[in-house]
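Letter by letter, the chains look like this.
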Amino acid sequence: MFDTLIKSLHLKMTYSVNTFIYALKAIPGLKRILSDKLYTLSWLKALLTVLSILKELITTFLWKFVYVALFIALPTSLHFFKLDDPVVPEWNVVLQVFIVLTIVGGITNNDFFTGSMDKYYAVFLLRMDAKKHAISNYAYLLLRFFLGFLAVGIVGAIIVDAPIWHALLIPLFVVSVKLIASAISVKLYDRSLAKGEEKAPRRFLAFKGESTLRDYVKSFVIGAVFLAAYLPAGFGFVMPVGVSLIIMALGIVGGIVSLFILRNFKNYRKMYQKGITEFLELQTMAQEQVASLDRNKIDDKTVVTSNKKGFEFLNELFVKRHRKILWRSSRNTAVVLLTLIVIAAVMMLIIPEAKEGMNLVITTQLRFVAFGMYAINKGQNYTRALFSNCDHSLLTYPIYRKGSNILKLFKLRLFEISKVNMLPAGILAAGLALLLFLSGGPEKPIYYLVLIVSVLALGVFFSVHYLVMYYLLQPFNVNTEVKSGTYPIIMGATYLVCYMMIQIEVPSMAFGIFTAVFGIIYSIVACVLAYYLAPKTFKLRT
């Protein structure tokens, strides 16, 4: 059993390391530098293995502390949830909330039956014993839960001055609840086999990703049980510590019984086969749903045409058929912004005292506009729709990949997405300038110009950024799967930079000038790079 665990963990580690190296080689510029010998470098694999082990330690301990701090310690440290009276939480309140949340987690988050590629490789390609693989890996998972919650329990008991032996029950109860949930699912699976209905074992209250009454009911049940962890304590109904200990003890007894049920279960291979098949089907279904969602955004109920020719004709038809994700969405955003601006203006007219606060916000907090422009920009939706409903087919034709044609269509698309983004950007720029005027104006009139230009420059920046990244990296394969290692990194970095701008205290005048200059320079440089590199990089991923 131990040998099976070591082999499966080694396989899982190798799979993760090779996936990382593959993503690393997909970064432009590194593909030619980094050869396939990376897969054989022992020192690199050792380094990545150490990082994977550190990740295991972090998920074993750190996330447990974060979970308990956010969902148990923080709420219970508020005197029956009254924010003005924080106290050290009482142990009986902690145990009551912990028990309910543990039960919810046991029935909704149990990985015993979750399919994965490493399980497929281990059981079906390398022919490992399915029962040994399942039990050994599940025992390893439960051991991590035990150690993590043991550390959390001991620290918590020390803080609230509770007996340490109480803390020893906490990890045992967590493990037992998961064992009970797994044992019940195994019994239900055996029953389905006896009836000739081989239904894959699944987590209780698992969602199918469909908008059905069943899923809505499951959402309601989970929400109700989740609230049950907090509401009773909030109204002063708390079980004595002794009752909580008895519940945990009964759960541990149930976990011991469940151990024998899982040990005597004989259909692990069938269970794996069904679970992995479902896992692969769900992946395919998710890809089809993304493609279907993009197709549903096409306006095919009205006849659209154009008097233009060539790529102008193609671009105009695309824009007209995608009104839902382009102009309609942009108009809706503009209407919301306009409404908020009107409300703010009326509020200042009715309540003159609000002018000072509004003026202070606009003249000192301009950095928040960058994150706002990031949030309302339509560039990422536009590029995904471009690929799903146009480029994924046309890129198979050599004439479409011709450099002059790529650049011609790039200019048309850049002009179009810039127009789409300029509508809400223009409303926001003009609205902020109007609110600034109504609130008394800035110290220096030039701030009006800086404000308007910086907001418009941000709109242009995001339009250029998303389209250029799409042309330079083209991250999708024919199934609309992201196969670029660089694209997700850049998209994540874009969000991170915009978010970090909120945290940095910068004078609004300096920030406005910087964003305006940066936006203009970036747009020029990015378009030049697209002009020279897009004919080589704009192609289907494999």
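All figures in this text were calculated on a predicted structure; none of them were measured in a lab.

As for the overall build of the chain
So, point 1. Of the regular secondary structure elements, the chain holds 20 helices and zero strands.
So, point 2. Counting all 542 residues of the chain, 42% fall into the buried class.
So, point 3. Looking at the chain alone, contacts between residues at least 24 apart form 78% of all its contacts between residues at least 6 apart.

A few points about the side chain of Thr 333
So, point 1. The topology assignment puts Thr 333 in helix H13 (residues 327-350).
So, point 2. Its relative accessible area of 15% is what places Thr 333 among the buried residues.
So, point 3. For Thr 333, the contacting residues outside a window of four places in its chain are Ile 376, Lys 378 and Pro 424.

Topic: the pattern of salt bridges
So, point 1. Applying the stated criterion across every chain, the model contains one salt bridge.
So, point 2. Notably, a salt bridge pairs Glu 416 with Lys 419, separated by 3.7 Å at the nearest N-O pair. Here Glu 416 and its partner Lys 419 are both found in helix H17 (residues 403-438), three residues apart, which amounts to about one turn of the helix.
So, point 3. Looking at Lys 419, the relative accessible area reads 35%, which means it is partly exposed.

Some words on unusual backbone geometry
So, point 1. Not every positive phi belongs to a glycine, and Gln 474 is a case in point at roughly 30 degrees.
So, point 2. Along the chain, Gln 474 turns up in the loop between helix H18 (446-473) and helix H19 (486-503).
So, point 3. Taking relative accessible area as the criterion, Gln 474 reaches 0% and is therefore assigned buried.

A closer look at the packing of H13 against helix H14 (residues 354-364)
So, point 1. Two elements in contact, H13 and H14, have axes whose closest approach is 8 Å; the angle formed by their N-to-C orientations is 140 degrees. Considered as vectors, H13 and H14 are oriented oblique to each other. Taking contact as the criterion, the partners of Ala 344, Met 347 and Met 348 in H13 are, on H14, Ala 354, Lys 355 and Met 358.
So, point 2. Residues of the contact of H13 with H14, tallied by class, amount to five nonpolar, no polar and one charged.

Considerations on the environment of Phe 318
So, point 1. Of note, Phe 318 is situated in helix H12 (residues 310-321).
So, point 2. A C-alpha to C-alpha distance of 9.5 Å links Phe 318 and Ala 385, two positions 67 residues apart in sequence.
So, point 3. Residue contacts for Phe 318: discarding those within four places in its chain leaves Tyr 382, Ala 385, Leu 386, Asn 389 and Cys 390.

Thoughts on the packing of aromatic side chains
Ring pairs (aromatic) are described by centroid distance and by the angle formed between their planes.
So, point 1. Throughout the structure, instances matching the rule amount to 18 aromatic pairs.
So, point 2. Here Phe 371 and Tyr 495 contribute two aromatic rings whose centre-to-centre distance is 5.9 Å and whose plane-to-plane angle is 65 degrees, an arrangement assigned as edge-to-face. Of this pair, Phe 371 sits in helix H15 (residues 367-376) while Tyr 495 sits in helix H19, and the two are 124 residues apart along the sequence.
So, point 3. Its relative accessible area of 22% is what places Phe 371 among the partly exposed residues.

Observations concerning the nonpolar core
So, point 1. One finds Met 373, Leu 451 and Tyr 471 to be the most contacted residues of the largest nonpolar core, which totals 61 residues.
So, point 2. Broken down by element, this core gets its largest block of residues, 15 residues, from H18.
So, point 3. By size, the runner-up hydrophobic cluster in this structure holds 45 residues, among which are Phe 149, Phe 173, Met 248 and Tyr 272.

Some details on the packing of helix H4 (residues 91-108) against helix H10 (residues 241-264)
So, point 1. Running from N to C, H4 and H10 point in directions that differ by 30 degrees, and their axes come no closer than 9 Å. With respect to each other, H4 and H10 are oriented roughly parallel. Of the two elements, H4 crosses H10, and the hand of that crossing is left-handed. For the pair H4 and H10, contact is made by Trp 91, Asn 92, Leu 95, Gln 96, Phe 98 and Ile 99 and by Val 241, Ser 244, Leu 245, Ile 247 and Met 248, respectively.
So, point 2. Considering only residue class, the contact of H4 with H10 consists of eight nonpolar, three polar and no charged.

Focus on a nonpolar patch on the surface
So, point 1. A contiguous nonpolar surface patch, about 1000 Å² in accessible area, is contributed by Leu 47, Val 50, Leu 51, Ile 53, Leu 54, Leu 57, Phe 61, Phe 65, Leu 143, Leu 147, Val 155 and Ile 159.
So, point 2. When residues of the nonpolar patch are traced back to their parent elements, those giving at least two are helix H3 (42-77) and helix H6 (130-160).
So, point 3. Positionally, Val 50 belongs in helix H3.
So, point 4. Judged by its relative accessible area of 46%, Val 50 is partly exposed.

Observations concerning the confidence of the model for the chain
So, point 1. Taken as a whole, the chain shows an average pLDDT of 76; of its residues, 74% reach a score of 70 or greater.
So, point 2. Per-element confidence in the chain is highest for H10, whose mean pLDDT is 90, and lowest for helix H11 (residues 268-296), whose mean pLDDT is 59.
So, point 3. Counted against residues more than four places away or in other chains, residues 203-211, with its pLDDT under 50, gives 27 contacts.

Scoring rules and cut-offs
Residues numbered from 1 in each chain as written. Predicted model: local features only at pLDDT ≥ 70, side-chain atom pairs only at ≥ 80, totals over all residues. Heavy atoms only, no water. Helix = DSSP H or I, 4+ residues; strand = E, 2+ residues; numbered from the N terminus. Buried < 20%, exposed > 50% of the residue type's maximum accessible area, 1.4 Å probe, protein only. Contact = heavy atoms within 4.5 Å. Salt bridge = Lys/Arg side-chain N within 4 Å of Asp/Glu carboxyl O. Axes fitted to C-alpha atoms, helices over the stretch in contact; angles between N-to-C directions. Parallel < 35°, antiparallel > 145°, perpendicular 65-115°, else oblique. Nonpolar A, V, L, I, M, F, W, Y, C, P; charged D, E, K, R; others polar. Phe/Tyr/Trp six-rings, centres within 6.5 Å; stacked < 30°, edge-to-face > 60°. Core = buried A, V, L, I, M, F, W, Y, C linked by side-chain atoms within 4.5 Å. Left-handed = near helix turned anticlockwise from the far one by under 90°. Patch = residues over 30% accessible without salt bridge, like charges linked within 9 Å, V, L, I, M, F, W, Y side chains within 5 Å. Areas by Shrake-Rupley, 256 points an atom, 1.4 Å probe, with all protein chains shown as cover. pLDDT = per-residue confidence, 0-100.

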